[in-house]
Structure formats: structure tokens, C-alpha cells
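Geometric and topological summary
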Amino acid sequence: MSIVVKTLSEQAYEIIRERILANDMFPAKPIRQDALSQDLGVSKIPLREALTRLEQDGLLVSHPNRGFIVRPLSLAEAEDVFHLRTTLEPEAAAQGCKKATEEDKAKVSEIFKRLQSMANEISPEAVTVNREFHLALSAPAGRKITQELLFKIHLLSERYVRKHLEPPDREADAYREHEEIYAAWMNKEPKLVKKLLKEHTHSTLEDLRGELFE
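Read on for an overview of the structure.

Reading the values: the criteria
Residues numbered from 1 in each chain as written. Predicted model: local features only at pLDDT ≥ 70, side-chain atom pairs only at ≥ 80, totals over all residues. Heavy atoms only, no water. Pairing = 2+ DSSP bridges. Helix = DSSP H or I, 4+ residues; strand = E, 2+ residues; numbered from the N terminus. Contact = heavy atoms within 4.5 Å. Phe/Tyr/Trp six-rings, centres within 6.5 Å; stacked < 30°, edge-to-face > 60°. Buried < 20%, exposed > 50% of the residue type's maximum accessible area, 1.4 Å probe, protein only. Lys NZ or Arg CZ within 6 Å of the ring centre and 35° of its normal. Axes fitted to C-alpha atoms, helices over the stretch in contact; angles between N-to-C directions. Parallel < 35°, antiparallel > 145°, perpendicular 65-115°, else oblique. Nonpolar A, V, L, I, M, F, W, Y, C, P; charged D, E, K, R; others polar.

1. Structural notes on the pairing of strand β1 (residues 60-63)
- Here β1 pairs with strand β2 (residues 67-70) via four bridges, running antiparallel. Looking across to β2, one finds that valine 61 is bridged to isoleucine 69.
- Hairpin connection between β1 and β2: a loop of three residues separates the two successive antiparallel strands.

This is the structure we're talking about:
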């Protein structure tokens, strides 16, 4: 078993990223780097490396006189991000189910069981497992660039997914849709996987259209 040693920059990146995705950092408000540096126990250099990387991910925006701010949620961005998901993800997941090995299926099953155990809760961990589930469906397709793009798109969409799940019963509805997608994927039904994922993504965006105002 290999031991993964993370740099201070990588650790700061992951902590700040999760705070942004959990909507724990206010959008459009300048990040106080001195305070954040003290809070994380890192110097300014690794912190700035982490913030620059988060800007590259599309989660932060930098301004010459204001520094870094969390990118605000907007309907225009949601439309763009979920359109990209609809374009890339259904086809990649359909290919993934056709090429999936028993090991791939075991991994997807393990993630789905974790998702299942969180079916009635809205928490940062539950939404993160949701991301893991979606990405695991497309991973067996072996499309490296597509998978890298999907990872970034899912990071951008995660805050919107959390917003989408805020109203009562949304989590239960999402779980039922995931259950159908999971069954089709495990049964190697690519056309059905493609159809269900498109419907799942479209329904999320449709709900967001009623929640987000520019």
C-alpha cells in the first residue's frame, strides 16, 4: 500500500475547495488571505498556490484590487454547466457501462451503497458522494480527457446541486433517479443509461431555473 504525501498547497486546496462547495464561503466577498492563512496554519505562498488552482477550477475569480472572491451562483452559469454535463456525461456513462469490468462494477456498487445510506440527508458529504457516483459511471470508458473535463464540470455544478436539493423531498426524488441509473448501468443497458442521465440532468436544471435569479 502506497502512502500519499500531500504538500501544504494541496492540503489547503482541498480544504478551501470543500468549504466553497459546501457554500461555507460567501460569494462575491473578498477572501481575507491573512486570516485564512492563520486559520489553515499555512504560509502565504502555499495558500496563494491553492487559491490560484481554485481559480483555474472556476471556483474563484481574481480581481486586481480585490484579490480572490468566490464565484457567485448564477442562472447563466448553471445553464452553461448543466448543458455541458448533458452533452458529455450521458454518452461517456453509456460507454462506461459497456466496457465496465467486474472491478469497475464493484466500485460503482460500493459508491452507490454509500449514496443509498445518505438518501434522506442533505450534507456536504452526501453531495460529494453523489459526484463520486456520477464520475465512476463514466470512468470505465477510458476517455482520459473527457473524464478530466467531467471532473471539473462536476466541481462547478456541485454548489448548484446543493442548492437544488434544499427544498423538501428533493433528496428522495434524486435518489430514485440514481437508483434507476444504477440499475441500468449495472445491467449494461447503454441506451437506457444515456436516456436516464439526460432526464436526470434536465430535471435538476429545470428546478434550478425556479430557484436562481440573476
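That covers the picture; the talk isn't over yet.
2. What about the environment of proline 46?
- Inspection of the secondary structure puts proline 46 in helix α3 (residues 44-57).
- When the C-alpha atoms of proline 46 and lysine 107 are compared, they prove to be 33 Å apart, with 61 residues separating the residues in sequence.
- Look past the residues within four positions of proline 46 in its chain and what remains in contact with it is Leu8 and Ser9.

3. Quick word on the packing of aromatic side chains
- All told, the structure shown has three aromatic pairs when counted by the stated rule.
- Ring centres 4.1 Å apart and planes at 5° place the aromatic pair phenylalanine 112 and tyrosine 182 in the stacked group. In this pair, phenylalanine 112 is assigned in helix α5 (residues 102-117) and tyrosine 182 in helix α8 (residues 170-186), connecting sequence segments 70 residues apart. Like tyrosine 182, phenylalanine 112 is buried.
- Site record: aromatic cluster; members linked through ring pairs are Phe112, Phe133, Tyr175 and Tyr182.
- Against the face of tyrosine 13 rests arginine 53, its NZ or CZ located 3.7 Å from the ring centre.

4. Describing the packing of helix α1 (residues 8-21) against helix α7 (residues 144-164)
- Interhelical geometry of α1 versus α7 gives an angle of 40° and a closest axis separation of 9 Å. Classed by the angle they form, the pair α1 and α7 counts as oblique. Together, Tyr13, Arg17, Glu18, Ile20 and Leu21 of α1 and Phe151, Leu155, Glu158, Arg159 and Arg162 of α7 make up the contact between the two elements.
- Residue composition of the contact of α1 with α7, grouped by class: five nonpolar, no polar and five charged.

Keep in mind that these numbers describe shape and distance, not what the molecule does.
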